[in-house]
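Architecture and fold: a report
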Amino acid sequence: MPSDDRNKKVLGIKIDVDTYQGMKNGVPRLLTILENHDIKGSFFLSIGPDTSGRAVFQFVKNPRFLKKMVRTNAVGLYGLRTALYGTLLPSPMIALSFPDIVRQMMSQGHEVQLHAWDHRRWQDELYRRSREWIRDWFEKGIRGFAELTGQKPSAFGAPAWVIDDRVMEILGDYRFNYLSCTRAKKPFIHEKTGVVEIPSDLPCFEEVGVPEGISAVASILKDGGMHVLPVHAEVEGGIWSSHFIALLEQVKRSGYRFTTLSEIRNMLPVDKLKVRKYRMELLPGRSAPCAV
Ligand SMILES: [Zn+2]
């Protein structure tokens, strides 16, 4: 994602909170890590029910999913309770269960934005759901977000980087300041809606593994530019937090400045960005296609 000024080294940390356990345990740990390193991050919250357990239905439908779960030790990463939410155990609310943690994010100066109402159902069921379902999903997510923060979100990051044309059309009505819905290599403008896309261009630990993830990210960063690292509260704030700290320290030593995505949005030369439509593509280490 080279910027106008090649000398610039800027890294945005986009932290997706996908589950109840991630919100409860991963986020507090990440808040401490970020504070210790004097870094402001951008948290994208799942607001509503944790239906993670419903992922079990993906085993049957998508063999790549099972392979990914085994390769990344998903039960180790996410915990057994998470694997049962929405099936054998009822679905707890994610961000709505932890208003104090949301307040802490804001008081420490982090950016807080909308990631999901129901993350799991979006990534598994979006394509077969109706327009009304999508609109209702946004309405609930935005209402819950406003309850927690006192304001509407100014950005949206789609769960699992999954979107379709109906989503883009509905997003146009919400007038977000920017979107972070893709894994494109550089920012662009979404056609029709004209909204700026700030993609997560770097690979995440979940896709590459550790310690390989550290060298994979470092080798992309060595040329400088503006980049966004996708982080998951459950993973980098969980059993791989020490690798995350090692990555932050290495990146800092190489001269990078950390910032929020909304600050990146303000730095972008918007009139020079390409206007185009997203595409769906199966990226290495992922079980389903992502928007790029
Ligand atoms: Zn997510």
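Below, the structure is looked at part by part. Quick caveat: nothing in here was measured; it's all calculated off a predicted structure. (Residues numbered from 1 in each chain as written. Predicted model: local features only at pLDDT ≥ 70, side-chain atom pairs only at ≥ 80, totals over all residues. Heavy atoms only, no water.)

Interhelical geometry of helix 1 (residues 20-36) versus helix 6 (residues 99-107) gives an angle of 20° and a closest axis separation of 11 Å. By the criterion of interaxial angle, the relationship of helix 1 to helix 6 is roughly parallel. Of the two possible hands of crossing, helix 1 and helix 6 adopt the one that is left-handed. Residues Met23, Lys24, Val27, Pro28 and Leu31 of helix 1 lie in contact with helix 6, whose contacting residues are Ile101, Val102, Gln104 and Met105. Here the residues of the contact of helix 1 with helix 6 sort into 7 nonpolar, 1 polar and 1 charged. (Axes fitted to C-alpha atoms, helices over the stretch in contact; angles between N-to-C directions. Helix = DSSP H or I, 4+ residues; strand = E, 2+ residues; numbered from the N terminus. Parallel < 35°, antiparallel > 145°, perpendicular 65-115°, else oblique. Left-handed = near helix turned anticlockwise from the far one by under 90°. Contact = heavy atoms within 4.5 Å. Nonpolar A, V, L, I, M, F, W, Y, C, P; charged D, E, K, R; others polar.)

Coordination of the zinc ion by the protein is provided by Asp18 (OD), Asp18 (OD), His115 (NE2) and His119 (NE2), with metal-donor distances spanning 2.1 to 2.7 Å. One way to put it: the 4 donor atoms around the zinc ion meet at angles of 52 to 144°, and that makes the site irregular. Expressed as a motif, the donor residue spacing for the zinc ion is D-x96-H-x3-H. With Asp18 in the loop between strand 1 (9-17) and helix 1 and His119 in helix 7 (residues 119-125), this pair connects stretches of sequence that are 101 residues apart. (Donors = N, O, S within 2.8 Å, 3.2 Å for Na, K, Ca; no water. Tetrahedral: all angles 85-135°; square planar, octahedral: opposite > 155°, others 65-115°.)

Further remarks concern helix 6. Along helix 6, the residues that are buried comprise Ile101, Val102 and Met105. The buried side chains of helix 6 occupy one side of the element, clustering within an arc of 100° when seen end-on. More than 90 degrees from the buried face of helix 6, the exposed residues found are Asp100 and Ser107. Buried residues belonging to helix 6 abut helix 1, strand 2 (42-46), strand 3 (111-116) and helix 8 (131-149). (Buried < 20%, exposed > 50% of the residue type's maximum accessible area, 1.4 Å probe, protein only. Arc of directions from axis to C-beta.)

Another point: the pairing of strand 1. The element strand 1 is largely enclosed, with a buried count of 8 among its 9 residues. Of the strand pairs in this sheet, strand 1 and strand 8 (residues 225-232) are connected by 8 bridges, and their pairing is parallel. Paired with Asp16 across the strands is His232, a residue of strand 8. The pairing of strand 1 with strand 9 (residues 257-259) spans 3 bridges and is parallel. The residue of strand 9 that forms the bridge with Val10 is Arg257. With 4 bridges connecting them, strand 1 and strand 2 associate as parallel partners. Across the sheet, Val17 pairs through a bridge with Leu45, a residue of strand 2. For the handedness criterion, the β-α-β arrangement of strand 1, helix 1 and strand 2 is classed as right-handed. (Pairing = 2+ DSSP bridges. Right-handed = clockwise from strand over helix to strand, strands pointing away.)

Moving on to the side chain of Asp118. Summarising the element assignment, Asp118 is placed in the loop between strand 3 and helix 7. A distance of 3.3 Å separates the side chain of Asp118 from the backbone nitrogen of Arg120, its partner in a polar contact. In contact with Asp118, other than residues within four places in its own chain, are Pro49, Thr51 and Trp137. (Polar contact = N/O pair within 3.5 Å; in protein donor to acceptor, adjacent residues only side chain to side chain.)

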